[in-house]
Each structure stands twice: as structure tokens, then as C-alpha cells.
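# Notes for the structure review
One letter stands for each residue in the lines below.
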Amino acid sequence: MARVPAAAVAAGGLVGGYGVARWTRKRPLGGVALAAAGAVAARQWHQDAGPKAAAGLSAAYVAAFAGSHPLAKRVGAWPAVFTVAAGVALASWTVTRRSG
């Protein structure tokens, strides 16, 4: 079975977490989706690029989530979420590609 790339898991976690929170109107449920995808991505980052890369990319994931909030005030919620998701995906792809 093919494995979903960590970049896609992380980006999907940011977009999916926001989508779940928005559509269910239950922010904690969106947080569960965000955290679950983050945990899967972190595990893959650790396997693919080692513990330092996993820690750095996990920090970037959390920073992207936090940074999407003030960004949303400037550009709107969905554009902010897609922007930070793309940034995390690019960082993930760059780091894991170099290590692999």
C-alpha cells in the first residue's frame, strides 16, 4: 500500500482541521483532526528525515496554525488556511526530499 506523503498529510490536517471546525461549529473537533494529522505527519517526518527535522517541521506546523489566525484577518479565513498549508507542505517536501 502506498503511503500518503507527509507534506500532503500536514497540509490536509491544516485544511481539514479548519473545515471540520467550521462546518461542525465545534472547534475542539477541528483541533482533534488537526492534531491527528500533525501526529501522523510528525511520525513520517521522523522516519524520513530524523528527529531534528521532525521537531522543526512539527514546530512549523504549529506555527502555521497559529499564524493563520492573524493572517485570516487580512486576507480571509480560507485563503489564510490554504496559504499556511502550502507553506508547511513546501517545507515538508523540501526537508524530506533532501533527506531521502
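Residues numbered from 1 in each chain as written. Predicted model: local features only at pLDDT ≥ 70, side-chain atom pairs only at ≥ 80, totals over all residues. Heavy atoms only, no water.

We now examine the overall build of the protein chain. Within the protein chain, the secondary structure is distributed over four helices and zero strands. Order of helices (α) and strands (β) in the protein chain, N terminus to C terminus: α-α-α-α. For the protein chain, the C-alpha atoms occupy an extent of roughly 40 × 25 × 20 Å along the three principal directions. Within the protein chain, the fraction of its 100 residues that count as buried is 32%. Excluding contacts between residues fewer than 6 apart, the proportion of contacts in the protein chain whose partners are at least 24 apart in sequence is 71%. For the protein chain, the exposed area adds up to about 6,100 Å²; of that, 67% sits on carbon and sulfur atoms. (Helix = DSSP H or I, 4+ residues; strand = E, 2+ residues; numbered from the N terminus. Buried < 20%, exposed > 50% of the residue type's maximum accessible area, 1.4 Å probe, protein only. Contact = heavy atoms within 4.5 Å. Areas by Shrake-Rupley, 256 points an atom, 1.4 Å probe, with all protein chains shown as cover.)

Here the focus is the confidence of the model for the protein chain. Per-residue confidence for the protein chain averages 95 on the pLDDT scale, and 98% of its residues sit at or above 70. Between the elements of the protein chain, mean pLDDT differs from a low of 94, seen in helix α4 (residues 77–99), to a high of 98, seen in helix α1 (residues 6–24). (pLDDT = per-residue confidence, 0-100.)

Inspection of every chain in the model, using the stated rule, returns three aromatic pairs. Between W23 and W78, the ring centres sit 5.6 Å apart and the planes meet at 35°, which makes this aromatic pair tilted. Here the residue W23 occupies a position in helix α1, and W78 occupies one in helix α4, the gap between them amounting to 55 residues. Here the aromatic cluster, defined as three or more aromatic residues joined through ring pairs, consists of Y18, W23, W78 and F82. (Phe/Tyr/Trp six-rings, centres within 6.5 Å; stacked < 30°, edge-to-face > 60°.)

Considering the arrangement of structural elements, one finds A54 in helix α3 (residues 51–75). By relative accessible area, A54 is classed as buried at 7%. Residues A54 and A41, 13 residues apart in the sequence, show an inter-C-alpha distance of 8.5 Å. Residues contacting A54, with those up to four places away along its chain left out, are A42, W45 and H46.

Here the focus is helix α2 (residues 27–49). Given 3.6 residues per turn, any residue in an α-helix points the same way as the ones three and four places further on. Helix length check: α2 (23 residues) gives 32 Å between terminal C-alpha atoms against 33 Å at 1.5 Å per residue, within 8%. Restricting attention to buried positions, one finds in α2 the residues G30, L34, A37, G38, A41, Q44 and W45. (Expected span 1.5 Å × (residues − 1).)

Note: most residues except glycine have negative phi, and most peptide bonds are trans. The residue R25 is not glycine, and still its phi comes out positive at about 60°. Mapped onto the secondary structure, R25 falls in the loop between α1 and α2. Classification of R25 as exposed rests on a relative accessible area of 76%.

The next point concerns the nonpolar core. Within the largest apolar cluster, 18 residues are counted, with the highest numbers of intra-cluster contacts made by A10, L14, A41, W45, Y61, A64 and V88. For this core, the secondary structure elements donating two or more residues are α1, α2, α3 and α4. For L14, the residues in contact, after removing those within four places along its chain, are L34, Y61, A64, F65, V81, V84, A85 and V88. (Core = buried A, V, L, I, M, F, W, Y, C linked by side-chain atoms within 4.5 Å.)

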